[in-house]
Amino acid sequence: MTAPVSVVMVGVGGYGASYLEALDRLAPGSVELTAVVDPFPLPSRTATALAARGVPVFAALEDSLGTRGGVELVIIASPIHHHVPQCLSALAHGCHVLCDKPVGATVQEVRELIRAGEVSRRWVRIGYQWSYSDGIQALKRDILAGRFGAPIRLKTCCLWPRTVSYYRRNDWAGRLRDAATGRWVLDSPLSNAQAHFLHNLFFLLGAEVASSAVPVDVTAEACRVNGIESYDTVACRARTAEGVELLFYGSHASRDSWGPRFDLEFEEACVRYAARAEGDGAGEIVVEAGGERVGLYPSPDAGDQFLKLAEAVEAVRTPRAVVCGPEAASAQTVCANGVLESVGEIPTVPNDLRRREAEPDRYWIDRLDDDFRRCYERALLPSEAGVPWAVAGRTVDLRGYDRFPASERRA
């Protein structure tokens, strides 16, 4: 019988706890959890369960790899600013990596990871689960085959309200930099909870099954209603080298939940997907042409979101092409960095537009839900639609963009 894949799990206090549950759902004997890495005290239930299984817990990844020989796969579900350093450490120890999204905070560290992967001859997979789904994979194959003609405009929107406690759940939520290390975090809807949907636009336009299109410029508008460093609301327009327009609208400061949804306009067809609210995996990706429905694909949220985990475990034993690696995931990072360069100083929403409710404790922006839906339908940025809080950002050239912020670029 084939020996189980030896796994180290990094970060189990948040989404990593779901990874632990997903590991237990894999076929019996397919994996062996050899260690867990988390610098903070674990929830008592998690700690008790790990102790009962004899799984040691370490504060640092290097400690777990240095004492547990033969680790094959490191799964990383730590905060954004730890992704690349921990990926680099895993590669240096000869491990393959499944890292949760986004690949990293800045373009320069992502490029460092890409180079390290080439040298190590180990793979890194990035956990954008939509990219592994049957629906997105089938849709991308048909886009590559030219079924819908050339792409013209792709847009996506997601309104997911978040409470005050969401931004207080740790010491990096809503931060631009980590207070302890000074490393860039750049947390935001676009780079965290809703990063999937921006990445999906670039991924669907990739010239190959496992690649993404790269933005050549971006113009953005953002603001905050919560007491954070970063923004909780953003809209941006990016363009590819082929002149395709990509629009993203996202907020944690809406009154209601709406989306995610996307509309993809091609020369010969339109492709649409609409979830009714957060966590709604119902619905299908619909293709329309000539006023008629001509095709369907499964919802990108259908099935198990941890297909990415099963695929990574299988790839340790049976080499296969990487579905979504750092190269494909880097388009989201480049665009997210460009968004902050475009916005500059992030404006705070004026008091007369701030709304709050006590239970659950949260803020929202007056009329944001309607304003973003209107902008989405008309493919406009908020300032172009006369939204009162909006401040037009500058267009940032992303060709050759290799460092965030660009002002720190070495001569």
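Remember, it's a predicted structure, so these values are computed and weren't measured experimentally. (Residues numbered from 1 in each chain as written. Predicted model: local features only at pLDDT ≥ 70, side-chain atom pairs only at ≥ 80, totals over all residues. Heavy atoms only, no water.)

Colleague: Mind showing me how you'd approach the packing of aromatic side chains here?
Modeller: Ring pairs (aromatic) are described by centroid distance and by the angle formed between their planes. Here the structure, examined in full by the defined rule, presents 15 aromatic pairs. Taking 5.4 Å as the distance between ring centres and 80° as the angle between the ring planes, the aromatic pair formed by Tyr-15 and Tyr-19 counts as edge-to-face. Residues Tyr-249 and Tyr-376 carry aromatic rings whose centres are separated by 5.8 Å and whose planes lie at 85° to one another, so their mutual orientation is edge-to-face. Highlighted residues: Tyr-249 in strand β10 (residues 245–251) and Tyr-376 in helix α12 (residues 368–378), separated in sequence by 127 residues. Comparing Tyr-249 with Tyr-376 shows no difference in burial state: the two are buried. Within the aromatic cluster, the residues linked to one another by ring pairs are Trp-130, Trp-160, Phe-197, Phe-262 and Tyr-273. The aromatic ring of Trp-123 is capped on one face by Arg-125, whose charged end is 4.2 Å from the ring centroid. The ring of Tyr-166 has Arg-162 sitting right over it, with the charged end atom 5.2 Å from the ring centre. (Phe/Tyr/Trp six-rings, centres within 6.5 Å; stacked < 30°, edge-to-face > 60°. Helix = DSSP H or I, 4+ residues; strand = E, 2+ residues; numbered from the N terminus. Buried < 20%, exposed > 50% of the residue type's maximum accessible area, 1.4 Å probe, protein only. Lys NZ or Arg CZ within 6 Å of the ring centre and 35° of its normal.)

Colleague: Any chance you could explain the side chain of Asp-232 here in plain terms?
Modeller: Relative to the helices and strands, Asp-232 is located in the loop between β8 (215–223) and β9 (233–240). For the buried residue Asp-232, which engages in no salt bridge, the nearest side chain bearing the opposite charge is Arg-224, 7.4 Å off. Of note is the side chain of Asp-232, whose polar atom sits 2.9 Å from the backbone nitrogen of Asn-226. Among the polar contacts listed, one links the side chain of Asp-232 to the side chain of Thr-233, at a separation of 3.1 Å. If we skip the residues at most four places from it in the chain, Asp-232 touches Tyr-167, Pro-189, Cys-223, Arg-224, Val-225, Asn-226, Gly-250, Ser-251, His-252 and Ala-253. (Lys, Arg positive; Asp, Glu negative; His and termini not counted. Salt bridge = Lys/Arg side-chain N within 4 Å of Asp/Glu carboxyl O. Polar contact = N/O pair within 3.5 Å; in protein donor to acceptor, adjacent residues only side chain to side chain. Contact = heavy atoms within 4.5 Å.)

Colleague: Even after reading the chapter, I still don't get the pairing of strand β16 (residues 362–365), so can you show me in this structure?
Modeller: Side-chain direction in a regular strand flips from residue to residue, so the side chains alternate between the two faces of the sheet. The two faces of β16 match: Arg-362 and Trp-364 on one face and Tyr-363 and Ile-365 on the other face are all buried. Bridging between strand β15 (residues 354–357) and β16 involves four bridges; their strand directions are antiparallel. Along β16, the bridge assignment pairs Arg-355 with Trp-364. Taking the residues that link successive antiparallel strands as the turn, the β15-β16 hairpin has four residues. (Pairing = 2+ DSSP bridges.)

Colleague: Looking at this structure, I do not really get the state of the cysteines. What am I missing?
Modeller: Defined simply, a disulfide is a covalent bond joining two cysteines at their sulfur atoms. By the definition in use, this model includes zero disulfides. Cysteine Cys-270 shares no disulfide, and the gap to the nearest cysteine sulfur, in Cys-157, comes to 17 Å. Summary of cysteine pairing: Cys-335 is not part of a disulfide, and the nearest cysteine sulfur, belonging to Cys-236, is at 4.4 Å. (Disulfide = S-S within 2.5 Å.)

Colleague: Help me out: how do you make sense of the layout of surface pockets in this one?
Modeller: A probe matching the size of a water molecule, rolled over the atoms, marks out where space remains unfilled. Quantified by volume, the second largest pocket comes out at close to 250 Å³. In terms of lining, the second largest pocket is formed by 14 residues, of which the most central are Val-124, Val-322, Gly-325, Pro-326 and Glu-327. Among the elements of the structure, α5 (107–120) and α11 (326–343) are those that each provide at least two residues to the lining of the second largest pocket. Looking at which element gives the most residues to the lining of the second largest pocket, the answer is α5, with four residues. In the lining of the second largest pocket, the residues fall into eight nonpolar, three polar and three charged. (1 Å grid on protein atoms, 1.4 Å probe; cavity = no way out; pocket = protein on both sides within 12 Å on 5 of 7 lines; lining within 4 Å. Points joined across faces, edges and corners; volume = space filled by probe spheres on them. Nonpolar A, V, L, I, M, F, W, Y, C, P; charged D, E, K, R; others polar.)

Colleague: Can you help me understand empty space enclosed by the protein in this one?
Modeller: Counting across every chain of the model gives one cavity of 30 Å³ or more. Each pocket or cavity is described by its volume, and for the largest cavity that value is around 30 Å³. What lines the largest cavity is Ile-80, Pro-102, Gly-104, Ala-105, Val-185, Leu-186, Ser-191, Gln-332, Thr-333, Ala-336 and Asn-337. Each residue belonging to the lining of the largest cavity can be placed in one class, and the counts come to six nonpolar, five polar and no charged.

Colleague: Please clarify how unusual backbone geometry should be interpreted in this entry.
Modeller: Across the chain, the bulk of peptide bonds are trans and the bulk of non-glycine residues have phi less than zero. With an omega dihedral of -5°, the bond running from Glu-359 to Pro-360 counts as a cis peptide bond. Cis geometry marks the peptide bond from Phe-404 to Pro-405, where omega comes out at -15°. With respect to the helices, strands and loops of the structure, Pro-405 is situated in the segment after β17 (396–397). With a phi angle near 60°, Arg-121 is a residue other than glycine that sits in the positive phi range. With respect to the helices and strands, the residue Arg-121 is situated in the loop between α5 and β6 (124–126). The class for Arg-121 is exposed, based on a relative accessible area of 74%.

Colleague: Please explain the packing of helix α9 (residues 195–204) against α11 as it appears in this structure.
Modeller: For any two helices packed against each other, the geometry is given by the interaxial angle and the distance between the axes. Contact geometry of α9 with α11 gives a least axis separation of 9 Å together with a crossing angle of 115°. For the element pair α9 / α11, the angle class is roughly perpendicular. Every pair of crossing elements has a handedness; the one defined by α9 and α11 is right-handed. Of the residues in α11, those touching α9 at Ala-195, Leu-198, His-199 and Phe-202 are Ala-328, Ala-329, Ala-331, Gln-332 and Cys-335. Residues that form the contact of α9 with α11 fall into these classes: seven nonpolar, two polar and no charged. (Axes fitted to C-alpha atoms, helices over the stretch in contact; angles between N-to-C directions. Parallel < 35°, antiparallel > 145°, perpendicular 65-115°, else oblique. Left-handed = near helix turned anticlockwise from the far one by under 90°.)

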